[in-house]
Each structure stands twice: as structure tokens, then as C-alpha cells.
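The chain contents come next:
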Amino acid sequence: MTSNMDSDKEEFLREFGDDYGYPNAPKNIDEIRATEFKRLDHDGLVYLDHAGTTLYSETQMEAIFKGLTTSVFGNPHSQSDSSLATAEIIREARQQVLDFCNASARDYKCIFTSGATGALKLVGEAFPWSSQSTFMYTMENHNSVLGIREYALSKGATSFAIDIEEAAHDGGGCKSPVSSIKVLQRPTLRRNEATLLEEEPSGDAYNLFAFPSECNFSGSRFSLHLVNTVKDDTARVLEGSPYCKGRWMVLIDAAKGCATKPPDLSKYQADFVIISFYKIFGYPTGLGALIVRTEAAKLLKKSYFSGGTVAASIADIDFVKRREGIEEFFEDGTISFLSIASLHHGFKILNTLSMSAISRHTASLATYTRKILSTLRHGNGDHVCTLYGRHESEVLYDELGPIISFNLKRPDGSWFGYREVEKLASLSGIQLRTGCFCNPGACAKYLGLSHLDLLSNIKAGHVCWDDHDIVNGKPTGAVRVSFGYMSTFEDAKKLVNFIVSSFASWPTQAECVYLSRARSICFPDEGLKRSTPKYFLRAVTVYPIKSCAGFRVDSWPLSSTGLLHDREWLLKSLSGEILTQKKVPEMCLISTFIDLNLGILFVESPRCKVKLQIRLRTDFSTAGGDELDLYSQRSALKSLYEVRGYDNEVSIWFSNAVGRPCTLLRCSGSKNSFCPERGKTKGMCRDVETKLNFVNGAQLLLISEESVSDLNKRLRLIQHFKQIQVNNFMSVADVQEEGLEGPPIQVNPMRFRPNLVISGGAPYAEDEWRSLKIGNQNFVSLGGCNRCQMINLNPQEGEVRRSREPLATLASYRREKGTILFGILLRYDNSDEVGQDMDSWLQVGQEVHPKTD
């Protein structure tokens, strides 16, 4: 029987078969993936962040390694044979870069830089700015382009962003690219206000216009006719503006665009073109190029000189003779000649496939995916996806590049946060990117964010790469997927399947609605009587060292910080980073135990032969304490800790245990400084007044055996529910291919690192508790615990194994506004007690009395 994937691919090939897969190349796309990118299939990854960086091939890296191990590369700033050979390789690489953009070596030069940002910085620093100059740029520009604005403004120049639209036309006839462009000027920026009133721009000033060949936010490709239009007809484009005077030069940021469609500089003679090689063929990183028009290079001003850029200098007098070659003049120090030597192998792959075939191949995948996402609807008829970057004008924009930027909506019209999408995609093995992609202008433009919105978001604490994906009901960024030359139809299909299964709602399928909205599945009662449930404390676990293994006890004392000595220690790297299982999974193999009678913390590790003993009452390495400032992004809680360290012997032991240099710190006091309003975001409230050790915002975590049992039943049935939820979009074969088939993972409560495990009642009944009493001790619920991928780490037979479960299954039914909740967080309420006595203990077997009001 033909699978759904096969039938979908057949339909895809009927429409895009002439463009997809490199039918005229030595290897088609399936052979390329099978031989050059085996690591993707081995790891089960769907890589869709080629706008961030594309991937290098195995043949490419083998050729590079062979070249490095069979050749001798000398420093090109020398006259030895090996140095001269290296200089020749660099010359050939320059020519390859120029050929890539169809640029004449007579008209253009290739200057190697540390990357695209280094190339842009060079232009900004060396451009001949004056108080008469203007820096104009499209709203759709990367931060690295916007940074040029600082150089312009510091020299008294004017700066402003623009939107480009198609001008209205009267009458018939063909529209030329020049006559069809209309510029909408954004607010004018200038720092030296006095000169603004005294002087008007003159015809002697040099001005710079910057735009991307392809927007890295939306994938929109600007028409390169902009180059000639701005250079030759600025007066008409900037009609009525005093900034149309002077000589206009044009910069194309082609860092993203070159990966699939490099600019043709024989037709569109830009003055500066920016290139980043890792975005084109994956390796090397840290290397870019500035293709500069020879005439424009002569206008650039450079103050600093270095080794390689001067013909001669005298140390004790003001004398320097600079080199005359444009490349040598601007390439400070010894360029990255080994990386430059590797460029040949990357270009060889592109030339074998051809850039036109790469462009068609990636366009076919992007067009197919956009088409599916644009038509995807919820059961109530509303669109699931809001896509960004579509343009009607064929004059101002070329076809869209292989980037798709979008946000997802719920059936009620509210937004899914992009971090939620990213987290779930990662669980499904899909690598994509979220946020604004360092392109704030395009982000604000496409999301419809005003200046007031942006300032409000910043005031609310939103910065790049954080978790504030929804502020005041609006998304602060987007989801971006992007295709590369090695992307396949299967990659695109898996993305579509993921969005359908995770975000599309189908109210006509009762089981699907129940799965996505219910807090538990109604499994058979299995003999349970329908009466007031009784709850009992089944296990108590203490975790002395943050992220290390804990130990179970039958009874344990409470303190003002929760369980006595719980998370009282942590490991910190020499660079100041707090070590946790997220970054050092092997920490879960470090076992701990505290003997209260002996007053000793025992620590063991499979990497250490000797068991470490730390006295609870001990002399620390320093007489005084230190301070440690921690911020919990998930709980919005900032804590200032007083800490003490240990001697070098302890540091060496733990360094061996985790495989990296670190130190052990012990908390001797803490102070919290922030708490969001309770109820504003469920599961995120924390009490500022609570004394905390090194925890993520709460003293204790409680898990229910019944909730874990329900999860395990879901793990056994997840394939069935997945098939129901995706309805007609995924077949049995799709489910098998997505890895939804196979032996289910069974978890025990300890996978969630709880302090308290209880039994009794229905699954997830603890969600509704506001407080509870265990024995004579009172606790306040702070809401649900937002789970992360740490629960997917499973220590087995002395090693830590990663999987996508149980978080992937929890995400299918325990997801609320971007959080995946399981278990509840507690604060020990000892407000009625004076000091601590022997009654302030928890005992396994004690009855638990919850309150829901």
C-alpha cells in the first residue's frame, strides 16, 4: 500500500519535479543526503535553520582535511616557497569570490574579513562621512547593517530608514523599474542638531544606501534594480527631500542571499557587497568578504595600520607608507589563510550543482511549504498560520527566497508563543529558529509593532533570545524555517506534519479535542471507590547539590528553606557559569547522602575512586563569604545569595566528577527581588519573601503517583492518539517515520526530581490545590512546575541517555500558554512556629490534607 508520504511526494513532484532534486547533477538530492549528510538521518534531525548557517558536507570536510594534512601553508606575509604558494591560493580564492558574483577583477576587489559583520564594520568605519552625508537603509536590515548608523551619526551625518513601495501610474504602457519605485521616509535621525539648521546637503557629500538582497526575516528578495535606481535617479526617488543631493553609493547585504542567489554585479554595479561563507556552504566560520567597487575603495578612509597593511613605518617618528593594493590596504594582520584555502572545496560543490539549480530546488520546497501552511485551518475555519513576507509587486521584489517566517494562532484567535513552537519542534527533532533574527525593522514591520509596542516590550523585560514571546497579547517575534541546498521534501513534510499534529485543532474529532484540552484521560477506574480521596506521603527525597542525584529518606526535618540542606550546594565553573544537568548531564550520576548524626555529606561519582566527605559544620576555604547573583528566567525571580567556597581538594574532586574545572559553593543566605502577580501566568508565581536555597523559584516540588501513572498510560497509547489528532494529514507510515512507533517509555516519579511523592485521588488533582497539610506541617501551592528537557535525561548503566520523552507526550496534553506543567511547587509555611523543633519533620506514610480554596 502506498503511504501518505509517498502519495504526497508524487503530487509534489508532479508540480515541482523539474526544479527539485538536481536531476542533471552527478548526484540527485536523495544520493546527496545519503552520502554527504548521514549525520542528519543518524540523529533523526530535520534541520531547517539554513538562514542561520547551512551545513557542510562530508566530502567537503574530507577534502579540506586532506588538503591540510598533505600541504604546507606558510604565512603569506613572507617570501618562502610555502608562503608564496599560500599567497597564490589566496589570489585564486579572491577570483572565485568575484566570479561567484559575476564581478570583473578590473572593477571590483575582494577583501577578506572576519565575517559579514566585519565587512559591514569596515565600510562604516572607512566611509567618507561628513555633516552633509546621509545614510539611508530599508527597514528590512540586519542589526549589523543598522550598526553603520553609529558611524554616520557620530560624524554629524543624517540617517533614516525607508519603506519602498510601487509608485502609482497614470495611463497605460510598460512600467520601468526606475519609474515604479516610491520611497516612504521614516523619521530623520541626527545628533549634531546645530548643523542641521545651518547647512543643507550639498552635491559634494558622499551618501550610502543599504539594503539586503534577501531579508533574513521574511525571505523577501529586493529587486536589484534598486542599485541602479538609487545611484542614477536619486532625485526622483527622493523627490522633495533635501537628502537627494550628493553622490550616492549602494551597499548590498548579500550574507543570506548569496546562499541561493548571489547578485550579478555585471548588471547591478553596487559599490559594496557583503558575503558570509558559512551561510553559503557551512564551513569555514569566522570568514567573510567585502566585494568593493574599485572606485569606491579609493574613497574609503582608514586610520589604523597593522602588519601586512604597510609597506614601511618608523617606530619613533610619525611616518608610515601604506601598501597600494586595495586588499592589502584593508586586511589588517595575517588573514585567515587556512580558512581561505578551504573555500575552493565549498565552491566546488556549488559549481557541481549550479547556483540556478540550488535556487530552483530550495524555491520548490519553500513554495510547497508556504502553500500548505497558508491553507491549513482549524476545525472552526480559522487559519492556523500567519505568514510574513508576501508582496504583490514584481517590480520591487523578486520571488521569495527559501525562508518562511510565520506565527501560529489558536482557534480562539490568540497566539501560540514562538518559544512554545521552538520547544515542541526540538522535541520532534526539528531544528528551526525563533525571535526577530537580529532584524528589528522587519520584525516590527511585519508584526505590526509600533514604537510604543516596542518600548513597552523592552520595559516588560523583553530582550533578544529570551522567553518573552507574547507581550500584551502580541507576539514579539516569529518562527522561521529556511531551506538549504541539501534540504529534502521529507524535511518539509515532517515540518508540516509537526505543525498539524501540534497546533491544528479538529473539533470534529472528539478524541482529539479531549486529548488536547483535557487534563487527564478517563481510564477505567480499576476498582477505585468513588469517595472522598485520601492522600498519603509516599516518598521524601533530598537533593543536597543542585542538579546532582538525591537520596530518599523515611523522615527528614524541615527548615525555613524547605527540606533541610536541600539544594544547599551548587557547582560553578571557573567562568562563573552555574552547572546544571541541562549543560552537564553527567551530574545526575553524582550520588549524595547526608548522615545527620555524623554531620557529613557523602558524595560519590563513577569518575572518582574516593568517596568525598564534607562536614556540615566545617571550616570553609575563606574566612568571609561571597555573593552570587542568580536570575531564573522561567520564574522571573532574581536571588542574591551569600555563599562560601571550599578548599582546592574539594574543587579537584568535583572537577574530575563533571569533567571540567569547577568549584563547590554552599548557600549561607539569600534574598529575592521580584515576583509576578499571582494568577497572571499560571504556574509562574513565586513568593519574594520565601527563603530559598539554589532552587528554580520554589522550595519543594510535589509529584503524584496517579499523575505519573496516567502519563505512563499515555506513553503506551500515544501512537493511537497521534493518528486521531492528525486525521487525514498523516498515515500509519507517517507515524512510523515520525518515530511515534516502538516500545513506549515508562517513567517513574524520580525522573521529575520531586522532593515529595504522594498517592491517592485522581491524576492531576494536585493542580487545583491552593494549600496542603502533611502531618502537622503546612504548605502553600505556588502553581504548576514548568517542565523542560531535563526530564528527558535518563541515567542507565553508568551513562546518560537523551530522548524526546516524556516531555513530548506531556506537551500533547499538559501545555498551557507556552508552558508544559507537571507537578506543583510548594512553599513551607512555618509562620505559626517559633524556631524549629522535633515536630518540624516529614514522615513517609503521613496523611496529606489538601485545600482547593
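The name given to the protein in an unreviewed UniProt entry is Molybdenum cofactor sulfurase, and the organism recorded there is Rhododendron griersonianum. Checking UniProt for the protein, the heading Cofactor (unreviewed entry) contains the comment "pyridoxal 5'-phosphate".

Topic: the packing of aromatic side chains
Counted under the stated rule, the structure contains 32 aromatic pairs. Between Phe12 and Tyr20 the ring centres are 5.1 Å apart and the planes differ by 85°, which places this aromatic pair in the edge-to-face class. As far as burial versus exposure is concerned, Phe12 and Tyr20 are alike and both buried. An aromatic cluster is present here, built from Phe12, Phe16, Tyr20, Tyr368 and Phe489 joined pairwise through their rings. The side chain of Lys302 reaches across the aromatic face of Phe329, ending 5.8 Å from its centre. One residue, Arg480, lies across the ring of Phe437, its end atom 4.6 Å from the ring centre.

Some details on the nonpolar core
In a soluble, globular protein the nonpolar side chains are often hidden away together inside. Residues Phe112, Phe209, Phe277 and Ile499 are the most contacted members of the largest nonpolar core, which totals 118 residues. Among the elements that line this core, the one with the most residues is helix α20 (residues 489–503), at eight residues. Setting aside residues no more than four positions away along its own chain, Phe277 makes contact with Val97, Phe112, Gly282, Pro284, Leu287, Gly288, Ala289, Leu343 and Phe347. Judged by nonpolar contacts, the second largest core, of 46 residues, contains Tyr535, Leu616, Val658 and Cys662.

Concerning the state of the cysteines
Counting across every chain of the model gives one disulfide. Disulfide partner of Cys436: Cys443, at an S-S distance of 2.0 Å. Measuring handedness by torsion sign, the sulfur bridge of Cys436 and Cys443 sits at about -45° and is left-handed. Classification of Cys436 as partly exposed rests on a relative accessible area of 21%. This cysteine, Cys662, is not joined by any disulfide, and Cys548 carries the nearest cysteine sulfur, 9.1 Å off.

Regarding the sheet that holds strand β26 (residues 591–595)
Taken together, the three strands give an open sheet; going across it, the order is β26-β27-β28, and neighbouring strands pair in antiparallel fashion. The outermost strands of the open sheet, each flanked by one partner alone, are β26 and β28 (612–615). Within the sheet, the average angular offset between the axes of one strand and its neighbour, ignoring direction, is 20°. Lying over the sheet, helix α22 (residues 648–658) contacts β27 (600–604) and β28, oriented at roughly 135° with respect to β28.

Digging into a nonpolar patch on the surface
Where nonpolar side chains cluster on the molecular surface, the patch consists of Ile314, Ile317 and Phe319 and spans about 260 Å² of accessible area. Tracing the backbone through its elements, the reader meets Ile314 in strand β11 (residues 310–314).

A word on the UniProt feature "active site" (unreviewed entry) in the protein
As annotated in UniProt, the feature "active site" (unreviewed entry) corresponds to Cys438 in the numbering used here. Checked against the element boundaries, Cys438 lands in the loop between β17 (433–435) and α18 (440–447).

With respect to the pattern of salt bridges
As enumerated under the stated definition, the model contains 32 salt bridges in all. Of the charged contacts in the structure, one is a salt bridge between Glu577 and Lys583, with a shortest N-O distance of 2.8 Å. The class of Glu577 is partly exposed, set by a relative accessible area of 26%. Taken together, the shared-partner salt bridges in this structure form one network comprising Glu140, Asp163, Arg186 and Lys445.

A few points about the sheet that holds strand β40 (residues 841–843)
Across the sheet, three strands lie side by side as β24-β23-β40; this open sheet has antiparallel pairing. Both outer strands of the open sheet, β24 (562–563) and β40, are each paired with one neighbouring strand and no more. In the sheet, strand β23 (residues 555–559) pairs with β24 via two bridges, with the strands oriented antiparallel. Paired with Leu558 across the strands is Leu563, a residue of β24.

With respect to the environment of Leu122
Relative to the helices and strands, Leu122 is located in helix α6 (residues 116–126). By relative accessible area, Leu122 is classed as buried at 13%. Taking the C-alpha atoms as reference points, Leu122 and Glu331, 209 residues apart in sequence, are found 9.8 Å from one another. Other than its neighbours up to four places away in sequence, Leu122 contacts Ile111, Thr113, Leu290, Leu300 and Phe330.

Describing the packing of helix α16 (residues 355–375) against α20
One way to put it is that α16 packs onto α20 with a least axis distance of 10 Å and a crossing angle of 15°. By the angle class used here, α16 and α20 are roughly parallel. Two packed elements cross with a definite hand, and for α16 against α20 that hand is right-handed. Across from Leu365, Tyr368, Thr369, Ile372 and Leu373 in α16, the residues of α20 making contact are Phe489, Ala492, Lys493, Leu495, Val496 and Ile499. Here the contact of α16 with α20 is built from residues that sort into nine nonpolar, one polar and one charged.

What about the side chain of Ser133?
Position of Ser133 among the secondary structure elements: in the loop between α6 and β3 (134–138). Reaching out from Ser133, the side chain makes a polar contact with the backbone nitrogen of Ser130 at a distance of 2.9 Å. Among all residues touching Ser133, those that are not within four sequence positions of it are Pro128, Ala157, Thr158, Ala205, Tyr206 and Asn207.

Cut-offs used in this document
- Residues numbered from 1 in each chain as written.
- Predicted model: local features only at pLDDT ≥ 70, side-chain atom pairs only at ≥ 80, totals over all residues.
- Heavy atoms only, no water.
- UniProt positions renumbered as here; feature names shortened; annotations may be inferred.
- Phe/Tyr/Trp six-rings, centres within 6.5 Å; stacked < 30°, edge-to-face > 60°.
- Buried < 20%, exposed > 50% of the residue type's maximum accessible area, 1.4 Å probe, protein only.
- Lys NZ or Arg CZ within 6 Å of the ring centre and 35° of its normal.
- Core = buried A, V, L, I, M, F, W, Y, C linked by side-chain atoms within 4.5 Å.
- Helix = DSSP H or I, 4+ residues; strand = E, 2+ residues; numbered from the N terminus.
- Contact = heavy atoms within 4.5 Å.
- Disulfide = S-S within 2.5 Å.
- Pairing = 2+ DSSP bridges.
- Axes fitted to C-alpha atoms, helices over the stretch in contact; angles between N-to-C directions.
- Patch = residues over 30% accessible without salt bridge, like charges linked within 9 Å, V, L, I, M, F, W, Y side chains within 5 Å.
- Areas by Shrake-Rupley, 256 points an atom, 1.4 Å probe, with all protein chains shown as cover.
- Salt bridge = Lys/Arg side-chain N within 4 Å of Asp/Glu carboxyl O.
- Parallel < 35°, antiparallel > 145°, perpendicular 65-115°, else oblique.
- Left-handed = near helix turned anticlockwise from the far one by under 90°.
- Nonpolar A, V, L, I, M, F, W, Y, C, P; charged D, E, K, R; others polar.
- Polar contact = N/O pair within 3.5 Å; in protein donor to acceptor, adjacent residues only side chain to side chain.

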